[in-house]
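In case you want the letters, here they are:
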Amino acid sequence: MFQKKTVLTLVAAVTVSTILAGCGSPSAKSGGPAASTAPSTATEGPTNLKWPVSDFKAIDQNGQSVTLADLKGKVWIADVFYSSCPTVCPPIADNMAHLQKMLKDKGIPVEIVSFSVDPQYETPKSLKIFGQEHGADFSNWHFLAGYSFDWIKQFAQDTLKTTVAQVPNSRIFSHPVNWYVVNQSGVIETFYDGLHPYYNEIVKTVQSLEAKR
Amino acid sequence: MRKYALFSILGLSGVLLFTGITGCGTSNPPSSSSMNMSPKNTTVKPMPTVKMDVPTQMKTGASVQILVHVTQQGKPVNQVDEVMFEISPDTLGSKHTIFTAKRTGNGEFSIQHTFAQKGTYDVMYHVVAMGSMIMTGPVKVSVS
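Note that residues are indexed from 1 along each chain, following the sequence as it is written. Chains carry letters and ligands carry numbers; both start at the beginning, A for chains and 1 for ligands, and go up in the order they are written. Predicted model: local features are reported for residues with pLDDT of at least 70 only, side-chain atom pairs are reported and counted for 80 or more only, and whole-chain, interface and lining totals are derived from all residues. To get the side-chain values, take all heavy atoms of the structure and skip hydrogens and water.

### Looking at the overall build of chain A
Let me state the cut-off plainly: A run of DSSP states H or I qualifies as a helix once it reaches four residues; a run of E qualifies as a strand once it reaches two. Both are numbered from the N-terminal end. Any two residues having at least one pair of non-hydrogen atoms within 4.5 Å are treated as being in contact. With residues, only the protein chains shown are counted as cover, and all accessible areas are computed by Shrake-Rupley using a 1.4 Å probe.
Counting secondary structure elements, chain A contains five helices and ten strands. In chain A, the proportion of contacts linking residues at least 24 apart, taken out of those at least 6 apart, comes to 74%. Taken as a whole, chain A presents about 9,500 Å² of accessible surface, with 55% of it coming from carbon and sulfur.

See below:
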């Protein structure tokens, strides 16, 4: 009887501890607009991707030209969006603004480059309004258009290794939701999920790249 | 009596364990992309394919299932960030309504919806999975 009790107690204890261990919040994240906990398997991005960024020439929210050469020697984060995007782009931009502030508060230099997948529609004004709506600090965040849709489609394929697609006769696009971290030589080192960002990991990555300057 | 107690405790443990597992599953980040982020898994996979299944003719008051099948390289995708359906009356200035889908099968996400009024509606999906936002043009449905 004693043994049975012991077994039962152990079963219950193991069960409860399993539940507690499983649900105990890892809480490795700093709270952002869409903070999520970081499982141990995903604390690092796919390091050493070494995907070179294709050359580009674009126009930003101020109507100024921005080229790949302008970013040489700087660590930058790239993503794609479009200002009329109905669902994911707004929260991703909110998240990026949070990351931008984190990096600024830590004194880590970075540039942020958001490529629109809807360049036929975008104007410097639409880009600026989108940035303002999501709390962008324009001093180091560039919202870009001024190229053709075919170009951004090819750029996504060649540089980001993913797909940008437009539904015919519409302004509806499929596009990646990742943030791509680019080193000083214009080469993508890694990427992260921009919808559920691992802020602390991204900050560490940018900081470590910056230290290699 | 002892047997009853034994079964009760084991049963309770089982329920707790099951609850714990399912509860914890929902608290983890959706993180389809986290799979892509594994250092050992840097192979670039194509954007998932989404196929929507919605009846194009229906009656008011009838509950219908609107669903998508999400696959990548022919395999069902169950880890998604979100699947939503946008339903808009096909009239100028009308407001759309967005419904979040639940997983109802292997790579299948759906809602049950009842159209209360006659008319033509646009139904479209928004799927975020494996690092991509995937959308397509609306399907027109007629409600009589």
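What follows continues from the structure just given.
### What to know about the nonpolar core
Note the threshold: Here, nonpolar core means buried Ala, Val, Leu, Ile, Met, Phe, Trp, Tyr and Cys residues that are tied together by side-chain atoms lying within 4.5 Å of each other. Only protein chains enter the accessibility calculation, which uses a 1.4 Å probe; a residue is then buried when its area is under 20% of its type maximum, exposed when over 50%, and partly exposed in between.
Among the nonpolar cores identified, the biggest contains 66 residues, and Phe-56, Trp-76, Ile-77, Val-88, Leu-99, Phe-115 and Val-206 of chain A are the most heavily contacted of them. Residue contributions to this core peak at eight residues, all from helix 2 (residues 89-105) of chain A. Ignoring any residue separated from it by four or fewer positions in sequence, one finds Phe-56 of chain A in contact with Val-66, Thr-67, Leu-68, Leu-71, Trp-76, Phe-115, Leu-144, Trp-151 and Phe-155 of chain A. Core analysis: the next-biggest nonpolar cluster, separate from the first, contains 26 residues, Val-77, Ile-111, Val-127 and Ala-129 of chain B among them.

### Quick look at the state of the cysteines
All names here are of chain A. Put simply, the test is: Note on terminology: pairs of cysteine sulfur atoms within 2.5 Å are recorded as disulfides.
What the rule picks out here adds up to one disulfide over all chains. Two residues share a disulfide in this structure: Cys-85 and Cys-89, whose sulfurs sit 2.4 Å from each other. Taking the torsion about the S-S bond as the criterion, the Cys-85 to Cys-89 disulfide, at about 80°, is right-handed. The residues Cys-85 and Cys-89 share a single accessibility class, namely buried.

### Quick look at the pairing of strand 8 (residues 108-114) of chain B
All names here are of chain B. For the record, the criterion: Here, a strand pair is defined by DSSP locating no fewer than two bridges between the strands.
The buried fraction of strand 8 amounts to five of the seven residues, a majority that puts the element mostly inside the structure. As paired strands, strand 3 (residues 63-72) and strand 8 are joined by seven bridges and run antiparallel to one another. Bridging from a neighbouring strand, Gln-65 pairs with Gln-112 of strand 8. In this structure, strand 7 (residues 102-105) lies alongside strand 8, joined through three bridges in antiparallel fashion. Its bridge partner lying in strand 8, Lys-102 is registered against Ser-110. Connecting the antiparallel pair strand 7 and strand 8 is a turn made up of two residues, with Gly-107 showing a positive phi of about 75°.

### Let's talk about the packing of helix 2 of chain A against helix 5 (residues 199-211) of chain A
Residues and elements named next belong to chain A. Defined as follows: Every angle, taken between N-to-C directions, lies between 0 and 180 degrees, and every axis is a line fitted to C-alpha atoms, over only the stretch in contact when it is a helix. An angle below 35 degrees is treated as roughly parallel, one above 145 as roughly antiparallel, one from 65 to 115 as roughly perpendicular, and anything else as oblique. Helix crossings get a hand from a simple test, with the near helix turned counterclockwise from the far one by less than a right angle marking a left-handed crossing and a clockwise turn marking a right-handed one. Gly counts as polar in this scheme, as do all residues outside two lists: the nonpolar Ala, Val, Leu, Ile, Met, Phe, Trp, Tyr, Cys and Pro, and the charged Asp, Glu, Lys and Arg.
For the pair helix 2 and helix 5, the least separation of the axes is 11 Å and the interaxial angle reads 50°. By the angle between their axes, helix 2 is oblique relative to helix 5. Crossing handedness for the pair helix 2 and helix 5: right-handed. Residues Asn-95, His-98, Leu-99, Met-102 and Leu-103 of helix 2 form the contact with helix 5, whose participating residues are Tyr-199, Asn-200, Ile-202, Val-203 and Val-206. Across the contact of helix 2 with helix 5, the residue classes break down as seven nonpolar, three polar and no charged.

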